[in-house]
Amino acid sequence: MGAKADQRLIPTGVCWCGCGADVSIGAFFARGHDKVAEAALLAADYDASVARLLDRHGYGPGHAVVDAAVASGAWERCAARGCSYVGAPTSIRAHRQKVGH
Ligand SMILES: [Zn+2]
Ligand SMILES: [Zn+2]
């Protein structure tokens, strides 16, 4: 698994949700339209179910998608002893500040 960066995507100046809006240089989406596109993809191809999305990509209870995110290098585990928090480096920093460890 891990389709990470095997294809370089280039912004086209038009929103990728398909609404046709012009977007600023370097952006793929008009504000908030990435969430619209994400929800629409789930609805269109995965019966609006994240479980189906995970299953289609080979993830589930027996193959944790968060482990794959860590293995890809995109996510990290919180280094504090006994903490199970996992996330992007910026999320880890925010988490550690919030819980104070
Ligand atoms: Zn759009
Ligand atoms: Zn932690």
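Being a predicted model, the structure only gives us computed values, none of them experimental.

1. A short note on the overall build of the protein chain
Part 1 of the argument: What the protein chain contains, in helices and strands, is four helices and two strands.
Part 2 of the argument: For the protein chain, the N- to C-terminal ordering of α and β elements is α-α-α-β-β-α.
Part 3 of the argument: Taken against the 2.2 N^0.38 rule, which gives 13 Å for 101 residues, the C-alpha radius of gyration of the protein chain at 17 Å runs more than 25% over that of a compact globule.
Part 4 of the argument: Considering only C-alpha atoms, the protein chain reaches an extent of 50 × 30 × 25 Å along its principal axes.
Part 5 of the argument: Relative to its 101 residues, the protein chain shows a buried fraction of 2%.
Part 6 of the argument: Counted over contacts in the protein chain with a minimum sequence separation of 6, partners at least 24 positions apart contribute 11%.

2. Looking at unusual backbone geometry
Part 1 of the argument: In this structure, Asp47 takes a positive phi of about 55 degrees despite not being glycine.
Part 2 of the argument: Overall, the presence of 10 C-beta atoms within 10 Å leaves Asp47 in the exposed class.
Part 3 of the argument: Of note, Ala48 is a non-glycine position whose phi angle comes to about 55 degrees, a positive value.
Part 4 of the argument: Position of Ala48 relative to the elements: it lies in the loop between helix H1 (33-45) and helix H2 (50-56).

3. Digging into the environment of Ser24
Part 1 of the argument: Structurally, Ser24 is set in the segment before H1.
Part 2 of the argument: On the basis of neighbour counts, which here come to 9 C-beta atoms within 10 Å, the residue Ser24 falls in the exposed class.

4. Quick look at the domain arrangement of the protein chain
Part 1 of the argument: Examined at the domain level, the protein chain breaks down into domain 1 (12-63) and domain 2 (64-101).
Part 2 of the argument: If you average the C-alpha positions of domain 1 and of domain 2, the two centres end up 23 Å apart.

5. Focus: the environment of Tyr59
Part 1 of the argument: One can find Tyr59 in the loop between H2 and helix H3 (65-71).
Part 2 of the argument: What makes Tyr59 partly exposed here is the crowd of 17 C-beta atoms within 10 Å.
Part 3 of the argument: For the pair Tyr59 and Ala37, spaced 22 residues apart in sequence, the C-alpha to C-alpha distance is 22 Å.
Part 4 of the argument: Excluding its chain neighbours within four sequence positions, the residues that come into contact with Tyr59 are Leu54, Val65 and Ala68.

6. Let's talk about helix H4 (residues 89-99)
Given 3.6 residues to a turn, an α-helix orients residues that are three or four positions apart in the same direction.
Part 1 of the argument: Counting buried positions along H4 yields zero of eleven residues, so the element is predominantly exposed.
Part 2 of the argument: Immediately downstream of H4, the backbone of Gly100 shows phi near 75 degrees, a positive value.

Reading the values: the criteria
- All residue numbers here refer to positions counted from 1 along the written sequence of the relevant chain.
- Chains and ligands are labelled by the order in which they are written, letters from A for the one and numbers from 1 for the other.
- Only residues with pLDDT of 70 or above have their local features reported here, since the model is predicted, and side-chain atom pairs are shown and tallied only from 80 upward, although totals for entire chains, interfaces and linings are computed over all residues.
- Comment: elements are numbered from the N terminus, with helices defined as DSSP H or I runs of at least four residues and strands as E runs of at least two.
- A radius of gyration in this sense is built from C-alpha atoms; the matching globule rule multiplies 2.2 Å by the number of residues raised to 0.38.
- Residues are called buried when their C-beta atom has 20 or more other C-beta atoms within 10 Å, exposed when it has 12 or fewer, and partly exposed otherwise; all C-beta atoms are positioned from the backbone.
- Any two residues are considered in contact once their C-beta atoms, placed from the backbone, lie within 7 Å.
- Boundary definitions for the domains trace back to an automatic or database domain assignment.

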